[in-house]
Each structure stands twice: as C-alpha cells, then as structure tokens.
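Single-letter residue listing:
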Amino acid sequence: MLPTPVSAPRTRMPILGCPLSLLSPHQAARQIVLWAQSNQKRPALVLFRDVHSLLAGRDIQDIRQLEHVADLVLPDGMPLVWIARTRGYSSARRAYGPDIMHILCSLKTQIPLRHAFLGGAPGVAEKIAASFPDLPVAGMLAPNITDGSRLDLGLVQRLNAMNADLLWVGLGTPKQDLWIATHHPYLNAKVILGVGTAFNFLAGTVRQAPRFLHPLGLEWLWRMAMEPRRLIPRYVKTIPRFSWLAFRELCSIQRR
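Summary of the structure given here. Everything numeric here is computed off the predicted structure, so don't read it as measured data.

**A short note on the environment of Ile15**
So, point 1. With respect to the helices, strands and loops of the structure, Ile15 is situated in strand β1 (residues 12–15).
So, point 2. The sequence separation of Ile15 and Ala246 amounts to 231 residues, and the corresponding C-alpha distance is 7.7 Å.

So this is what it looks like as structure tokens:
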C-alpha cells in the first residue's frame, strides 16, 4: 500500500529558520519509497528534527544549508508539532524517525528495496537486520568517524559498491548532518536518511520511552534518566534556549 503516490501537499513551515515538512509518518514513508524506486540522478535527503538538532542547524552553517537543500525535514520532536499546530497547522503530526525506519524495514514491495547502514556501535546494524529477517541488506559499516565534515572518498567507494536504495546514517547530531552535507554529492544511494539513535532503538540496545510519554513530549525525561551523564548537560542547555527562541519567534509572527 505504501508505494501509492502521495496525494497530500508537502507543506513546509519554517521554525527558527528550519523548513519543516509537515507530512504524517505514512505520507513520508510513501514519498521515500517513491524516491527509492525512481531513477533520479541524485540522492533524496531526509532529515529528522527535534529540539537538539534544530538548534544545531541554527548554530552550524553547514547544517543549516543542508536543511534547506534536503527533500524532507521531518518533525521528530513533539515541541515542533505543537508549534506547528499553534501556528495554524492543526493536522501536523510527529514523524518519528524510529517509527519511519520500522515502517520501511518492515515493508514488502514488489521490487525489494536494498538497505545499507552506516553508523552505530559494532554489531548494532546486525541486530537491526536480525529483527527483520526478510530485509534485503546491501551492507553494514560502523567506522570510527570523528569528523563528519571530512570527506572520506574511500568510504564513499565502499558505500557506492553496495548500490543501496536506502542508506541509513546513524552517527548522531551534529556529526551525521555534517557527514551527509559533505558526502551526499558523491553517493549513489537513492535516499539518504539521517536517523541518529534510531539504530539503537531498533536494535534494542537502548530502551525507548514508554509510548504514553510520546504524545506528552516527555521522552526527554526518560532518556535523561537512562543516560544522565550525557543528556543532562544537553537538556539543561537546549530546553530553556529553545523555549525562549520559539516564544520570541511566535510573538514576532503574531505582531506581523
């Protein structure tokens, strides 16, 4: 059913300068499948945005430019959905990266889509593949990438040899965004998707927050409890800053 062409308009709404694509998860998955089955000459780029990655795009010029050339920039975090609804997009829905990854890895199409995985700890991609026994896997790489903005033509050659339809990049923000910005012009995958920690969620190496927390926008509390040393400093910085910037932008829009 998913390969049916998308009939809904691909509405874009800027939040703090980031052009969000307001598609539902299944609309986004349909569009991704269409690109994966096409003969386009360049990869389609799909990004997922939450508060942390949105602020990274605001701070880092290369990521901001990537957001503006990406084919889909999807609202991965509930605060972005709430802002969209406040600004009149009442049908806005969350397009959660792990959910879309699960939809596409579970999908059976007439011509199977070839999946490649870049990132995660060693063995994580293998666990994802084991969770989807019929998944056509083009390849799996877990290189030690310290600088996403440094072009690695050797890695490009290895990835292009896989001839993947979908290239999943799970390096975390901002590294994966910088990596995609630097490498996408040289890659032959039909679609490149930056999905961050979705690798760990689908592999089962990190526990997802209970589903009842998702619509409440409280997953960050769960994740902070799971990884306090890494995430408490992040949330202490990002939540107040994002709240202030979003409030200021909303007031500016209302004045206009």
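**Observations regarding empty space enclosed by the protein**
So, point 1. Considering all chains together, one arrives at 1 cavity of 30 Å³ or more under this definition.
So, point 2. Taken as a whole, the largest cavity holds about 30 Å³ of empty space.
So, point 3. Around the largest cavity, the lining residues are Ala116, Leu159, Asn160, Ala164, Leu167, Leu187, Asn188 and Ala189.
So, point 4. For the lining of the largest cavity, the class distribution of residues is 6 nonpolar, 2 polar and no charged.

**A closer look at the nonpolar core**
So, point 1. Core analysis: the largest hydrophobic core is formed by 41 residues, its most contacted members being Leu159, Leu167, Trp179 and Phe242.
So, point 2. With 5 residues, the top contributor of residues to this core is helix α4 (residues 78–86).
So, point 3. With residues up to four places along the chain from it excluded, the contact list for Leu159 reads Leu118, Leu141, Leu167, Trp179, Leu187 and Asn188.
So, point 4. The next biggest cluster of nonpolar side chains, apart from the first, holds 34 residues, and it includes Ala29, Ile32, Val33 and Ala203.

**Observations regarding the side chain of Asp76**
So, point 1. By secondary structure assignment, the location of Asp76 is in the loop between β4 (72–75) and α4.
So, point 2. Despite its burial, Asp76 remains without a salt bridge, the nearest opposite charge being carried by Arg94 at 4.3 Å.
So, point 3. Here Gly97 takes part through its backbone nitrogen, which lies 2.7 Å from a polar atom of the side chain of Asp76.
So, point 4. Setting aside anything within four residues of it in sequence, one finds Asp76 in contact with Phe48, Arg49, Asp50, Arg94, Ala95, Tyr96, Gly97 and Pro98.

**Considering the packing of aromatic side chains**
So, point 1. Applying the stated rule across the entire model yields 3 aromatic pairs.
So, point 2. Ring centres of Phe117 and Phe199 lie 5.9 Å apart, and the angle between their planes is 75°; on these two criteria the pair is classed as edge-to-face. Taken together, the residues Phe117 in strand β5 (residues 115–119) and Phe199 in helix α9 (residues 198–203) connect sequence positions 82 residues apart.
So, point 3. Owing to a relative accessible area of 0%, Phe117 belongs among the buried residues under this scheme.
So, point 4. Residue classification places Phe199 among the buried positions, given a relative accessible area of 1%.
So, point 5. Pairing Trp220 with Tyr235 gives two aromatic rings, centres 5.8 Å apart and planes at 70°, and the pair type is edge-to-face. Residue Trp220 is located in helix α10 (residues 219–226), and its partner Tyr235 is located in helix α11 (residues 228–255); the two are separated by 15 residues in the primary sequence.
So, point 6. Classification of Tyr235 as buried rests on a relative accessible area of 12%.

**Examining the packing of helix α3 (residues 61–69) against helix α8 (residues 175–183)**
So, point 1. Where α3 contacts α8, the axes come no closer than 9 Å and their chain directions differ by 65°. Here α3 is positioned roughly perpendicular relative to α8, judged by the angle of their axes. As α3 packs across α8, the resulting crossing turns out to be left-handed. Of the residues in α8, those in contact with Asp62, Ile63 and Leu66 of α3 are Asp177, Leu178, Ile180 and Ala181.

Scoring rules and cut-offs
Residues numbered from 1 in each chain as written. Predicted model: local features only at pLDDT ≥ 70, side-chain atom pairs only at ≥ 80, totals over all residues. Heavy atoms only, no water. Helix = DSSP H or I, 4+ residues; strand = E, 2+ residues; numbered from the N terminus. 1 Å grid on protein atoms, 1.4 Å probe; cavity = no way out; pocket = protein on both sides within 12 Å on 5 of 7 lines; lining within 4 Å. Points joined across faces, edges and corners; volume = space filled by probe spheres on them. Nonpolar A, V, L, I, M, F, W, Y, C, P; charged D, E, K, R; others polar. Core = buried A, V, L, I, M, F, W, Y, C linked by side-chain atoms within 4.5 Å. Buried < 20%, exposed > 50% of the residue type's maximum accessible area, 1.4 Å probe, protein only. Contact = heavy atoms within 4.5 Å. Lys, Arg positive; Asp, Glu negative; His and termini not counted. Salt bridge = Lys/Arg side-chain N within 4 Å of Asp/Glu carboxyl O. Polar contact = N/O pair within 3.5 Å; in protein donor to acceptor, adjacent residues only side chain to side chain. Phe/Tyr/Trp six-rings, centres within 6.5 Å; stacked < 30°, edge-to-face > 60°. Axes fitted to C-alpha atoms, helices over the stretch in contact; angles between N-to-C directions. Parallel < 35°, antiparallel > 145°, perpendicular 65-115°, else oblique. Left-handed = near helix turned anticlockwise from the far one by under 90°.

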